[in-house]
Amino acid sequence: MHNDRYPGIRLSGKTRTFRGTNLLQIAMPLGGIGAGCICLNGSGGLQDFSIRHHPETSAIPDGHGFSDGAFALLHLPDSGLTRLVEGPLPVEKIYDQGLKAQGFRGGGHEGLPRFAEATFRGEYPFGVVRLRDSNLPIDVTITGFNPFIPLDDRNSGIPCAILEYRLHNHSNQPVPYQFSYHLTHLAPGTDKNAITSRNTVIPGAGVLFTNLEPPASAAFGSAALGVVDFEPKIKAMWFRGGWFDAVSALWREVDSGRFSENDGSAAAQSQGRNGGSILLSGILTAGESITYPIIICWHFPNAHSAYGTLQLPGTGAAVSANGSQHICTDSCLPEWRPYYASQWEDAGEVLKYVRENYPRLRHRTVAFHRALFSSSLPAEMLDAVSANLAILKSPTVLRQENGNIWAWEGCFSERGCCHGTCTHVWNYAQAMPHLFPSLERTLREQELLRSMDSSGHVTFRAALPDGPTRHDFHPASDGQLGGIMKVYREWQISGDAAWLHAIYPFAKRSMDFCINHWDPRRTGLLEEPHHNTYDIEFWGRDGMCSSFYLGALTAMVHLAKDSGHPEDAEFYANLARKGASAIETLFNGEYYQQEVMVSGLDAAPEFEENIQKENPESAALLRQEGPKYQYGNGCLADGVLGAWIASMCGLDSPQSKEHIRSHLAAVFKYNYKPSLKEHPIRQRPGYAMGDEPGLVLCTWPKGSPLTLPFPYSDEVWTGFEYQVASHLILTGQFEQALTIVRAARSRYDGHTRNPWNEYECGSYYARAMSSFGLLLAVSGFRYRAPTGTLEIAPQVDERPFTCFFSTATAWGTLTLESDRLLINLVEGSLAITSLSLTSNQKTTITRVGANIQAGKPFSIPLKR
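Cut-offs used in this document
- Residues numbered from 1 in each chain as written.
- Predicted model: local features only at pLDDT ≥ 70, side-chain atom pairs only at ≥ 80, totals over all residues.
- Heavy atoms only, no water.
- Helix = DSSP H or I, 4+ residues; strand = E, 2+ residues; numbered from the N terminus.
- Buried < 20%, exposed > 50% of the residue type's maximum accessible area, 1.4 Å probe, protein only.
- Contact = heavy atoms within 4.5 Å.
- Lys, Arg positive; Asp, Glu negative; His and termini not counted.
- Charge placed at Lys NZ, Arg CZ, Asp CG, Glu CD.
- Phe/Tyr/Trp six-rings, centres within 6.5 Å; stacked < 30°, edge-to-face > 60°.
- Lys NZ or Arg CZ within 6 Å of the ring centre and 35° of its normal.
- Pairing = 2+ DSSP bridges.
- Axes fitted to C-alpha atoms, helices over the stretch in contact; angles between N-to-C directions.
- Polar contact = N/O pair within 3.5 Å; in protein donor to acceptor, adjacent residues only side chain to side chain.
- Core = buried A, V, L, I, M, F, W, Y, C linked by side-chain atoms within 4.5 Å.
- Arc of directions from axis to C-beta.
- Expected span 1.5 Å × (residues − 1).
- Salt bridge = Lys/Arg side-chain N within 4 Å of Asp/Glu carboxyl O.

Points about the overall build of the protein
Scanning the protein for helices and strands turns up 18 helices and 38 strands. Among the 864 residues that make up the protein, the fraction classed as buried is 63%. In the protein, 71% of the contacts between residues at least 6 apart in sequence involve partners at least 24 apart. Averaged over its 74 positive side-chain charges, the protein has a centre that lies 5 Å from the centre of its 87 negative ones.

Written out as structure tokens, the structure reads:
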């Protein structure tokens, strides 16, 4: 009897099952933080091998991402049947298989006989594909994942994809089988006319793929294929030939049941596609199952790309101001190396580590999944929270050898989109600071220590590799002010007083720059032209960016006090009070709007200069309506965004809570559309359009819109939908929030869009990680490490109420019952001095004084 050591992942049942046409777009990233990924698609196959420090999409021919491939085959000797272990190929992908049309797809296996039925369930970090075929006595379940363990960024950053293949005999007879897995050479040499790669056996495990490139070249690297807990037969090299010879020979061997082994050394010629395979065989008795964990690892230690650097070190890469690059691929030194290169020597070492630690890595990832999905959130909210964690494992995020994070906004098909961990986009992202707070802190240091000049100007696009950057463009008001609020958040999460004292002078320099640059008359509001996340400058006072200003001033009050600078605190507090009063002049009775200004601004001459450069028609419009790209009396979904970020950072904005609530109610009233078919979208309609529902960025319910409103105003982005939804929750408007979240996730239905890729300017767009704010809003969870205070304020009446939580030292679940709070730490330890519980708008404080340990549930009685 086989012992199935790894029973199937038990899903929560709170998420959707995708089948039929809704499998088309599914592609779930399996990879490490900053290490790249491979995607598991809806049929159970692999695609998009983004493992070389940039995106590589299978839809783009002639790139590595197009030629890489991996696939499993199941052969049943008694019946002579062989199946590609994938579900039906979506008909929309058939055209892509033509050799002359779109290229020769990775592995060349798409046309092999497949299983007849497939379904996909995803609860990140797990994706589960179930395959059935009425002609076969064996069903197969594929579970794809990569270790995802809060606070453990090393094990959550392993460059590997894991696929558990569970074979189940549903017949009443024993069934002999041969299961094989096949991988193309993921580290080929660049010279197709020479033998520049090597395949070798990893005894008892699988195949190592290496190349003979110069050790400093971009192509230098390795990959590995292996299995956990079983000793496979190993074919280290496929047949070497031309045309389709490799796959033809491989299929003939597997389909005939005569799999042959080799050690990879007998290459008859250099031409032809190459790869390696492993075979596992046995007999399943009636009702029996067995699971094979297949591991694909990669290791590419050199990155020959740089962006936004002030001066390049002269290694061969030249970068222009817009980040375009000329890459040296031979002998020049790499610009930077990935973090994983400092942890493992090559892909063989990665495979060895995963195999030796597999039960522990799997168990800890399952524990995270169970904790997250035990949360008492509506299914659509939990779906949104979990699905966008995939962004952390996508090529959007890079990690340098020193451990520092650097990221894109999103990913185009073959390159990142909009470099430099853009501060105003990453403002929205709430997942990393709670799940991996030490990584998030590197972003604050990136902003204040490496991207700020002596005047306090923060370049909102940081350099890669780490270092100083140019200061030849506008600072971003929302990005720079949001960064100050996030310094306070990181201090509260970490409780690291040494870090606070070291970073405070830089936060003060940044804040003082903002005041002098945008509020030189000390009105408490931003007035001078201020750049923002819509890639333009707002002229005059506006609710959105001024809400950032109030939040940042409030953060500085606390930072100054906590770091021993009471005189600074008094100055910032006075200005915050002044701004809190002044911003109410922008409230029109329902929502905050913009007062477009030119006269009286220091920048007024600039406006006149701009008019002189315009053609007569445009100049006339500017004189009539003022600067281009404003929102005036529009109802802006992000209109109190700064107040939301303040709340996410544990700050109490001085802005009127009643008016914030009113603004959010107006946003739902005017901007939410159950159907967009009557809504004109003049910019990028692909995010939501036609009969789809969505929340529009800006509407003009109190008058005609400007002729040329700010770019993107017609669009629908999930990133701002989630921030509005979580802010609605915090202001007691739960049903409106749920409506918005349902609308957003309904658009990502698997057929039209990928449920694990909420895109904006590129795939895996960072702004979508605002969805983690839903969990924070519903639970009201916060742990203030400096004081040891645990805060919880559930926004639902359900009891018991359970939610996942993570601090800098521990993670687990909280369960609020009618008479007690139960804390169950899965990992780590947590010192709690006091509990602050808010329920029915009443807050009670309970002294606790306990140091809680993982594995020992702790109960706090609640005051009646």
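Still more ground to cover, so stick around.
Observations concerning the packing of aromatic side chains
The final tally for this structure, using the stated rule, is 39 aromatic pairs. Seen from their ring centres, Tyr165 and Phe179 are 5.0 Å apart, and the 50° between their planes marks the pair as tilted. Placement of Tyr165 in strand S10 (residues 160–169) and of Phe179 in strand S11 (residues 175–184) is noted, with a sequence separation of 14 residues between them. Side by side, Tyr165 and Phe179 carry an identical accessibility label, which is buried. Here the aromatic cluster, defined as three or more aromatic residues joined through ring pairs, consists of Tyr534, Phe538, Tyr631, Phe710, Tyr712, Trp717 and Phe720. Sitting over the ring of Phe259, Lys235 keeps its end group 5.1 Å from the ring centre. Over the ring of Tyr748 we find Arg753, and its NZ or CZ is 5.8 Å from the ring centre.

Considering the sheet that holds strand S6 (residues 81–84)
Pairing is antiparallel in the open sheet, where 5 strands are placed in the order S6-S5-S11-S16-S15. Edge positions in the open sheet fall to S6 and strand S15 (233–235), since each of these has one partner strand only. Each neighbouring strand pair of the sheet contributes to a mean axis angle of 20°, computed without reference to strand direction. One ladder, built from 4 bridges, connects strand S5 (residues 70–76) with S6; its direction is antiparallel. Directly across from His75, in S6, lies its bridge partner Thr82.

Quick notes on unusual backbone geometry
Of the consecutive residues Tyr124 and Pro125, the connecting peptide bond is found in the cis state with omega at 20°. Summarising the element assignment, Pro125 is placed in the loop between strand S7 (117–123) and strand S8 (126–132). Residue Pro800 follows Arg799 across a cis peptide bond; omega there is 5°. Within the secondary structure, Pro800 sits in the loop between strand S33 (789–792) and strand S34 (801–806).

Let's talk about the environment of Arg782
Relative to the assigned elements, Arg782 resides in strand S32 (residues 782–784). Put simply, Arg782 and Gly650 are 132 residues apart on the chain and 7.4 Å apart in space, counted from C-alpha to C-alpha. Within the structure, the side chain of Arg782 is placed 2.7 Å from the backbone oxygen of Met648, a separation counted as a polar contact.

As for the sheet that holds strand S17 (residues 289–299)
Strand order in this open sheet of 9 strands is S1-S7-S8-S9-S10-S17-S14-S13-S12, and the pairing throughout is antiparallel. The open sheet has two free edges, formed respectively by strand S1 (17–19) and strand S12 (197–202), since each of these has just one partner strand. Looking at each pair of strands side by side, their axes are set apart by 15° on average, direction ignored. Here 5 bridges tie strand S13 (residues 206–211) to strand S14 (residues 222–227), and the two strands are oriented antiparallel to one another. When the sheet's bridge partners are listed, Phe209 is paired in S14 with Ala223. The strands touched by helix H3 (residues 347–373) are S7, S8, strand S9 (138–145), S10, S12, S13, S14 and S17; relative to S17, the strand with the most contacts, the crossing angle is about 115°.

A few points about the nonpolar core
Judged by nonpolar contacts, the single largest core of 239 residues is most densely connected at Phe179, Tyr181 and Met511. For this core, the element with the most residues is H3, which contributes 13 residues. Leaving out residues up to four positions away in the same chain, Tyr181 has contacts with Leu46, Ala70, Phe71, Ala72, Leu163, Tyr165, Leu225, Gly276, Ser277, Ile278, Ile294 and Ile296.

Points about helix H13 (residues 616–625)
By the burial criterion, the buried members of H13 are Ser618, Ala619 and Leu622. Angular distribution of buried residues about the axis of H13 spans 100°; they occupy a single face of the element. Away from its buried face by more than 90 degrees, H13 exposes Pro616, Glu617 and Gln624. The inward-facing, buried residues of H13 abut helix H12 (604–613). Of the residues flanking the end of H13, it is Gly626, one or two places downstream, whose phi is positive at about 95°.

Brief notes about helix H7 (residues 437–450)
Its 14 residues give H7 an end-to-end C-alpha distance of 19 Å, which sits within 8% of 20 Å, the value for a rise of 1.5 Å per residue. Buried residues of H7: Pro437, Leu439, Glu440, Arg441, Thr442, Leu443, Arg444, Gln446, Glu447, Leu448 and Arg450, and no others.

Remarks on the side chain of Thr119
Along the chain, Thr119 turns up in strand S7. For Thr119, a relative accessible area of 18% gives the class buried.

Quick word on the environment of Met597
As for its placement among the helices and strands, Met597 is situated in the loop between strand S27 (594–596) and H12. Taking the relative accessible area as the measure of exposure, Met597 reaches 14% and is therefore buried. Separated by 35 residues in sequence, Met597 and Gly632 have C-alpha atoms that sit 9.9 Å apart. If near-sequence neighbours (up to four positions away) are discounted, Met597 is found in contact with Glu527, Trp539, Gly540 and Arg541.

Quick look at the pattern of salt bridges
The tally for this structure, following the rule as stated, stands at 44 salt bridges. Its salt-bridge partner being Arg444, residue Glu440 comes within 2.7 Å of it at the nearest N-O pair. One end of the pair, Glu440, and the other, Arg444, are both in helix H7, 4 residues apart, so they sit about a helical turn from each other. When its relative accessible area of 1% is taken as the criterion, Arg444 is described as buried. A salt bridge links Arg820 to Glu817; its shortest N-O distance comes to 2.7 Å. It is possible to trace a salt-bridge network through shared partners that takes in Glu440, Arg444, Glu447, Arg489 and Glu490.

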